[in-house]
Amino acid sequence: MDTIAGVGSEWWHGTSRLRGKVLICLVVATSILMVAVAEPSFKQKGLSYNKTQTVESPRHVTKGHSGYQHVWPDMKFGLRIVAGTIIAFFGAACGSVGGVGGGGIFIPMLTLIIGFDSKSSAALSKCMITGAAATTVFYNLRLRHPTLELPIIDYDLALLFLPMLILGISIGVTLNVLFADWMIIILLIIFFIVTSTRSFFKGVETWKKETKSKQETARAQLEIYDNKIEAAEEMPLPGGATSHDQTKPESIKEKVSIIENIYWMDLGTLVTLWLIILALQIGKSYTATCSAIYWILNILQIPLAAGVTSYEAVSLYKGRRKIASKGGASMNWPVHKLVLYCIIGVMAGTVGGMLGLGGGFILGPLFLEMGIPPQVSSATATFAMMFSASLSVVEYYLLKRFPVPYALYFFTVATIAAVAGQHVVRKLISILGRASLIIFILASTIFVSAILVGGAGMASMIKKFERKEYMGFESICS
């Protein structure tokens, strides 16, 4: 036993060193790729800017004391729209499968190809994430857990994280007005690289487990087949029935009716919370910014979200509820871990609200680290994103942050892409028996997002620096 423990310890330290080296290589490679992505924009910054002014005739809306301008290109069919549509389609397909939304791909596309400013791109990205997430959730409502008699969406997990995610979204949308883009680009890139690396190694680990499981299953099936042949030779079954018919285990249902597969009480709680916070956001839009009523409506969101999450957290702590999708016996969750998860939920929503990303970029990898199966992790993260992203869309619409025709168009593209992505990947998982495909798609989407967001951010910062634009804090009350 000590020998095994020693070998395991050496293996862990060895893989830790390997992970460190891989992470350093990824940081260097990402930096080079970001420069490559941004370089064309640097070389043509004067030409593209003048072209945007004269050819596309964007509409500018002054925002804040710094003179920040929204750039909204005219919606004309052309090469940019075609290229943007293709990228949006593949981004939405991969994002919906991985449970990350795809915002890290949408925002650079909207900024570098279509020509929107970064803050309008973040708002439009939320529209696309909402379309893809809503379609994916509808697709998943009838699906079951891959190994247990449960829905594929873990409603207890959603009750723990979603209220904090929604609260973070409201904070993030406010900070989107306050902070300059460059202030968070560097930290975001580092976070993406670390997250994608951890997800990749998690995918490799899952792949090895799947390979071992397939080998064990093949051996077991061979033994059963041999036993059946021997039994059939010694004692034929009456009535033409075969031993295979008698011993075939009852398989877990892959699909059931939507009514049977939804936990209506949990869903009703989340919908009610969403509607109340939405009403507060709408009411806030009819008040003077930074007035007493404005801040009261903002603060009221805290006890609402904290109340729902606290109820779920206390239930998990006392063992009244459990994260059943993990399998195994019920466990009492330690307080420090529950508090940490709540903080991570707020952080995920804040980052999503600020940058137009789906909270799935944080929740997806976190669920995998918690031991949630890839299919359940993706479905539950997307379920949470549907609520949080749709709330962001309403808030951005009230702030007049995006043009509606573009939003409707890319919403439709993302919706179609989500259906295609779910259908294709589910078929591949069924054929190959490799749920780790979801983890690899998740890791790849996050890594590509790091490159694109980094490249777009560098290009934007260089342009603003060349034009001597204001790059500091904005005023929330302006």
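Criteria and thresholds
- Residues numbered from 1 in each chain as written.
- Predicted model: local features only at pLDDT ≥ 70, side-chain atom pairs only at ≥ 80, totals over all residues.
- Heavy atoms only, no water.
- Helix = DSSP H or I, 4+ residues; strand = E, 2+ residues; numbered from the N terminus.
- Buried < 20%, exposed > 50% of the residue type's maximum accessible area, 1.4 Å probe, protein only.
- Contact = heavy atoms within 4.5 Å.
- Areas by Shrake-Rupley, 256 points an atom, 1.4 Å probe, with all protein chains shown as cover.
- Phe/Tyr/Trp six-rings, centres within 6.5 Å; stacked < 30°, edge-to-face > 60°.
- Axes fitted to C-alpha atoms, helices over the stretch in contact; angles between N-to-C directions.
- Parallel < 35°, antiparallel > 145°, perpendicular 65-115°, else oblique.
- Nonpolar A, V, L, I, M, F, W, Y, C, P; charged D, E, K, R; others polar.
- Left-handed = near helix turned anticlockwise from the far one by under 90°.
- Polar contact = N/O pair within 3.5 Å; in protein donor to acceptor, adjacent residues only side chain to side chain.
- Core = buried A, V, L, I, M, F, W, Y, C linked by side-chain atoms within 4.5 Å.
- Expected span 1.5 Å × (residues − 1).
- Salt bridge = Lys/Arg side-chain N within 4 Å of Asp/Glu carboxyl O.
- Patch = residues over 30% accessible without salt bridge, like charges linked within 9 Å, V, L, I, M, F, W, Y side chains within 5 Å.
- pLDDT = per-residue confidence, 0-100.

Observations regarding the overall build of the protein chain
(1) Moving on: Regarding its fold elements, the protein chain presents 17 helices and two strands.
(2) Moving on: Of all 478 residues assigned to the protein chain, the portion counted as buried reaches 47%.
(3) Moving on: Across the protein chain, the fraction of contacts at a sequence separation of at least 24, relative to all contacts at a separation of at least 6, is 80%.
(4) Moving on: Accessible area of the protein chain: about 23600 Å², with a carbon and sulfur share of 69%.

Comments concerning the packing of aromatic side chains
(1) Moving on: Following the criterion strictly, the structure yields 15 aromatic pairs and no others.
(2) Moving on: For the pair Tyr-155 and Phe-383, a centre-to-centre distance of 5.6 Å together with 75° between the ring planes defines the contact as edge-to-face. Of this pair, Tyr-155 sits in helix 6 (residues 155-178) while Phe-383 is found in helix 15 (residues 374-398), placing the two residues 228 residues apart along the sequence. Grouping residues by exposure puts Tyr-155 and Phe-383 together as buried.

A look at the packing of helix 6 against helix 10 (residues 264-285)
Packed helices, taken two at a time, are described by their axes: the angle between them and the distance between them.
(1) Moving on: Where helix 6 contacts helix 10, the axes come no closer than 10 Å and their chain directions differ by 5°. Taken together, the axes of helix 6 and helix 10 are roughly parallel relative to one another. For the pair formed by helix 6 and helix 10, the contact residues are Tyr-155, Ala-158, Leu-159, Leu-162, Pro-163, Ile-166 and Ser-170 on the first element and Asp-266, Leu-267, Thr-269, Leu-270, Leu-273, Trp-274, Ile-277 and Gln-281 on the second.
(2) Moving on: For the contact of helix 6 with helix 10, a count of residues per class yields 11 nonpolar, three polar and one charged.

Describing the packing of helix 14 (residues 360-369) against helix 15
(1) Moving on: Orientation of helix 14 relative to helix 15, taken along the N-to-C sense of each, is 150°, at an axis distance of 9 Å. Judged by the inter-axis angle, helix 14 sits roughly antiparallel to helix 15. Considering only the axes of helix 14 and helix 15, their crossing is right-handed. Only Pro-374, Ser-377, Thr-380, Ala-381, Ala-384 and Met-385 of helix 15 make contact with helix 14, whose side of the interface consists of Gly-360, Leu-363, Gly-364, Phe-367 and Leu-368.
(2) Moving on: Of the residues contributing to the contact of helix 14 with helix 15, the split by class is seven nonpolar, four polar and no charged.

Brief notes about the environment of Leu-175
(1) Moving on: By secondary structure assignment, the location of Leu-175 is in helix 6.
(2) Moving on: Sequence separation of Leu-175 and Gly-353 is 178 residues, and the distance between their C-alpha atoms is 8.0 Å.
(3) Moving on: Residue contacts for Leu-175: discarding those within four places in its chain leaves Thr-350 and Met-354.

As for the side chain of Thr-350
(1) Moving on: Mapped onto the fold, Thr-350 is located in helix 13 (residues 335-355).
(2) Moving on: Using a relative accessible area of 14% as the deciding quantity, one classes Thr-350 as buried.
(3) Moving on: At 2.8 Å, the side chain of Thr-350 forms a polar contact with the backbone oxygen of Val-346.

Quick look at the nonpolar core
Most often, soluble globular proteins have nonpolar side chains that are buried together.
(1) Moving on: By size, the foremost hydrophobic cluster in this structure holds 45 residues, and its most contacted members are Phe-161, Tyr-341, Leu-363, Phe-367, Met-370, Phe-383 and Phe-387.
(2) Moving on: The set of elements that each furnish at least two residues to this core consists of helix 5 (118-140), helix 6, helix 10, helix 12 (301-318), helix 13, helix 14 and helix 15.
(3) Moving on: Those residues in contact with Tyr-341 that sit more than four places away from it in its chain are Leu-160, Phe-161, Trp-333, Leu-366 and Met-370.
(4) Moving on: One finds Phe-106, Leu-110, Tyr-406 and Val-413 within the second-largest nonpolar core, a separate group that totals 30 residues.

Thoughts on helix 15
(1) Moving on: Its 25 residues give helix 15 an end-to-end C-alpha distance of 36 Å, which sits within 8% of 36 Å, the value for a rise of 1.5 Å per residue.
(2) Moving on: Most of helix 15 is tucked away, with 22 of its 25 residues classed as buried.
(3) Moving on: With its phi angle positive at about 55°, Lys-400 sits one or two positions after the end of helix 15.

Overview of the pattern of salt bridges
(1) Moving on: Applying the stated criterion to the full structure yields four salt bridges.
(2) Moving on: Across the pair Asp-156 and Arg-321 runs a salt bridge, and its minimum N-O distance is 2.6 Å. Within this pair, whereas Asp-156 is found in helix 6, its partner Arg-321 is found in the loop between helix 12 and helix 13, the two being separated by 165 residues in sequence. Here Asp-156 matches Arg-321 in class, with each residue buried.
(3) Moving on: When the shortest N-O distance is used, the salt bridge between Asp-266 and Arg-321 registers 3.0 Å. Separated by 55 residues along the polypeptide, Asp-266 in helix 10 and Arg-321 in the loop between helix 12 and helix 13 bring together distant segments of the chain.
(4) Moving on: Each of the salt bridges in this network shares a partner with another, and the network as a whole consists of Asp-156, Asp-266, Glu-312 and Arg-321.

Looking at a nonpolar patch on the surface
(1) Moving on: Among the surface-exposed residues, Ile-282, Tyr-286, Tyr-397, Leu-398, Val-404 and Leu-408 lie close enough to one another that they form a single nonpolar patch of about 620 Å² accessible area.
(2) Moving on: Where the nonpolar patch is concerned, the elements lending two or more residues are helix 15 and helix 16 (404-432).
(3) Moving on: You can see Tyr-397 is positioned in helix 15.

Thoughts on the confidence of the model for the protein chain
A low pLDDT score tells you not to read the predicted coordinates there in detail.
(1) Moving on: Model confidence for the protein chain is summarised by a mean pLDDT of 75, while 74% of its residues fall at 70 or above.
(2) Moving on: The least confident element of the protein chain, judged by mean pLDDT, is helix 2 (residues 45-54) at 39; the most confident is helix 12 at 90.
(3) Moving on: Counting interchain partners and residues more than four positions distant, the pLDDT-below-50 stretch residues 1-16 has one contact.
(4) Moving on: Overall, residues 237-250 carries pLDDT values under 50, and its contacts beyond four positions in sequence, including any with other chains, amount to seven contacts.

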